[in-house]
Amino acid sequence: MTGGPGTVLVLGEALVDLVPVAGDGGVRAAQFGGAPANVAVGLATLGTPAAFAGGLGGDGFARMIEDRLRAAGADLTLCARSGLPTALAVAEPGEGGNGYHFHLQDTATFRLPDLSARAAGFGAVYVGGLAAVVEPAASAVRATAAAASEHSLLFVDPNVRRDRTLGADDGAAALRELCRLAHVVKASDEDLERLWPGAAPEETCRELADGGRLVVLTRGARGSTAYTASAPPVSVPAAPVEVVNTIGAGDAFAAGLLSRMGSRGAFTAAQEPEEVRDMLAFASEAAASVCARAGTEPTAPAGI
C-alpha cells in the first residue's frame, strides 16, 4: 500500500505513555502513545490509508506498538528498526491538562528515516510531536517536511510540550519554521501562545493564513476556528461529550481533519467555507469520541 495520492505519510514517534490507573494514583499502566502514532491509527481507523514511519525498537513495548498500528491498518513498511528500547512518557494529569516526564535518550523511537525522496509519492505528509524537535529525528523531519512542502500537502501539528519541546535546543524555532513551511497548520491556542509569546493566537492564525495556508485553531471545549487568506474565519462548537479522557483528543482531531479532506478526493489547503465547516465538524466528533472513553483511537462520526 505504501504511497499513492490517497495515502497520508505520518512521520514521527510511537512511544509508550505510562498513565495513572483509576483509583490508584501510584500505579501506572502502559498505553500506546506518541502524537504521530495516534494520528496514524486515527487515520486508518477512519478509513484513510496511512503509512507510519517511526522508529521501532526491540523490546516488548515496541511489539505492543507494532501490534496496535497493524491492527488499525497502518502500513509500517517505512519504519526504521533497531534493537534499542522504546521511549517512555510518564503522564501527570492535572487541572491544567496533562503534563509529562520523558525518558527519550538512547531509544529507537527517535531514529527516524529521512523520507524526503519519497514525500512526493503521498497525497499528504503529517509531521509534529516530539520528533520535530528531538534529534536525531528532528533532522529527518525537517528534510522530509521541506520536500513535502514542494511536492505534496504538508500538515503540521506543533503539539508543543512545555516540559520537553521548548526545553530542547531551538525547539520553538524549529516548530515555527515547520508551521511556515506547512500548507495546513492545526494548533491549539496554548501551542500558539508558547510559540509566538505576546501575540494573540487569533492574530498568529491570521498571519499564517495570509501566506496561503489553512490554519485551524483548537480551543478544547470552546470549539475550533479555521482561517484562510480568502474568506472570513469559520468556527464550529466542540461536540458535546461527557469527558472521561483527554489524552489523544487533539491527535484524533488532526486525523479527522485529514481524513475528511482526503474523502473529498484530494488533499488540498484550498477549501470553500462550507467544506471547511464540514471538516471541522467531523474532526470535532472524532475528538469527542476519544474524550468519551479511555484510549486514543477515534470512532467514525455518524451522520456527518
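Structural notes, computed from the coordinates. (Residues numbered from 1 in each chain as written. Predicted model: local features only at pLDDT ≥ 70, side-chain atom pairs only at ≥ 80, totals over all residues. Heavy atoms only, no water.)

Here the focus is empty space enclosed by the protein. The probe, sized like a water molecule, is rolled over the atoms to show the empty space still left. A complete count under the given rule lists 1 cavity of 30 Å³ or more for this structure. Empty space within the largest cavity amounts to approximately 40 Å³. Taken together, Ala226, Thr228, Ala231, Pro232, Pro233, Val234, Gln271, Glu272, Pro273 and Val276 make up the lining of the largest cavity. The class makeup of the residues in the lining of the largest cavity is 7 nonpolar, 2 polar and 1 charged. (1 Å grid on protein atoms, 1.4 Å probe; cavity = no way out; pocket = protein on both sides within 12 Å on 5 of 7 lines; lining within 4 Å. Points joined across faces, edges and corners; volume = space filled by probe spheres on them. Nonpolar A, V, L, I, M, F, W, Y, C, P; charged D, E, K, R; others polar.)

This part is about the side chain of Ser188. Secondary-structure assignment places Ser188 in strand β11 (residues 184–188). On the accessibility criterion, Ser188 (18% relative accessible area) is buried. If we ignore the near neighbours within four places in the chain, the residues touching Ser188 are Leu217 and Thr218. (Helix = DSSP H or I, 4+ residues; strand = E, 2+ residues; numbered from the N terminus. Buried < 20%, exposed > 50% of the residue type's maximum accessible area, 1.4 Å probe, protein only. Contact = heavy atoms within 4.5 Å.)

This part covers the environment of Ala254. Its place among the elements puts Ala254 in helix α7 (residues 249–263). Not counting residues up to four positions away in its chain, the partners in contact with Ala254 are Val39, Tyr126, Phe155, Asp157 and Lys186.

Here the focus is the packing of helix α1 (residues 35–45) against helix α2 (residues 60–72). One way to put it is that α1 packs onto α2 with a least axis distance of 8 Å and a crossing angle of 25 degrees. In terms of their interaxial angle, α1 and α2 are classed as roughly parallel. On the side of α1, the interface is formed by Ala37, Ala40, Val41, Ala44 and Thr45, while α2 contributes Arg68, Leu69 and Ala72. (Axes fitted to C-alpha atoms, helices over the stretch in contact; angles between N-to-C directions. Parallel < 35°, antiparallel > 145°, perpendicular 65-115°, else oblique.)

Let us look at the nonpolar core. In this structure, Leu9, Phe110, Val127, Val141, Leu154 and Leu178 are the most contacted members of the largest nonpolar core, which totals 52 residues. The element contributing the most residues to this core is helix α3 (residues 137–151), with 6 residues. When near neighbours in sequence (up to four residues on either side) are disregarded, Leu154 contacts Val125, Val127, Ala145, Ala148, Ser149, Leu178, Leu181, Ala182, His183 and Val184. Listed in part, the 49 residues of the second largest apolar core include Ala50, Ala226, Val236 and Phe282. (Core = buried A, V, L, I, M, F, W, Y, C linked by side-chain atoms within 4.5 Å.)

The next subject is the state of the cysteines. The final tally for this structure, using the stated rule, is 0 disulfides. With no disulfide partner, Cys205 has as its closest neighbouring cysteine sulfur the one in Cys179, 9.6 Å distant. Judged by its relative accessible area of 0%, Cys205 is buried. (Disulfide = S-S within 2.5 Å.)

Another point: the pattern of salt bridges. This model, assessed by the stated rule, comprises 11 salt bridges. In this structure, Arg81 and Glu66 form a salt bridge, with 3.0 Å as the shortest nitrogen-oxygen distance. With Arg81 in strand β6 (residues 80–81) and Glu66 in helix α2, this residue pair connects regions lying 15 residues apart in the sequence. In this structure, the salt-bridge partner of Arg219 is Glu202, at a minimum N-O distance of 3.1 Å. Of this pair, Arg219 sits in the loop between β12 (214–218) and β13 (224–227) while Glu202 sits in helix α6 (residues 201–209), and the two are 17 residues apart along the sequence. (Salt bridge = Lys/Arg side-chain N within 4 Å of Asp/Glu carboxyl O.)

A few words on unusual backbone geometry. Of note, the bond from Glu135 into Pro136 is cis; its omega dihedral lies within 30 degrees of zero at 5 degrees. You can see Pro136 is positioned in the loop between β9 (122–128) and α3. For Asp106, which is not glycine, the phi torsion reads 55 degrees and is therefore positive. Turning to its location among the elements, Asp106 is positioned in the loop between β8 (97–103) and β9.

Most of strand β10 (residues 153–157) is tucked away, with 5 of its 5 residues classed as buried. Here β10 shows no split at all, with Leu153, Phe155 and Asp157 on one side and Leu154 and Val156 on the other all buried. Sheet analysis places β9 next to β10, joined by 5 bridges and oriented parallel. Across the sheet, the residue bridging to Gly128 is Asp157, located in β10. Tracing the backbone out of β9, into α3 and back to the parallel element β10 gives a crossover that is right-handed. Looking at chain direction, β10 and β11 are connected through 2 bridges and run parallel. Bridge pairing in β11 links Phe155 to Val184. (Pairing = 2+ DSSP bridges. Right-handed = clockwise from strand over helix to strand, strands pointing away.)

Spatial relationships are all this shows, so hold off on functional conclusions.
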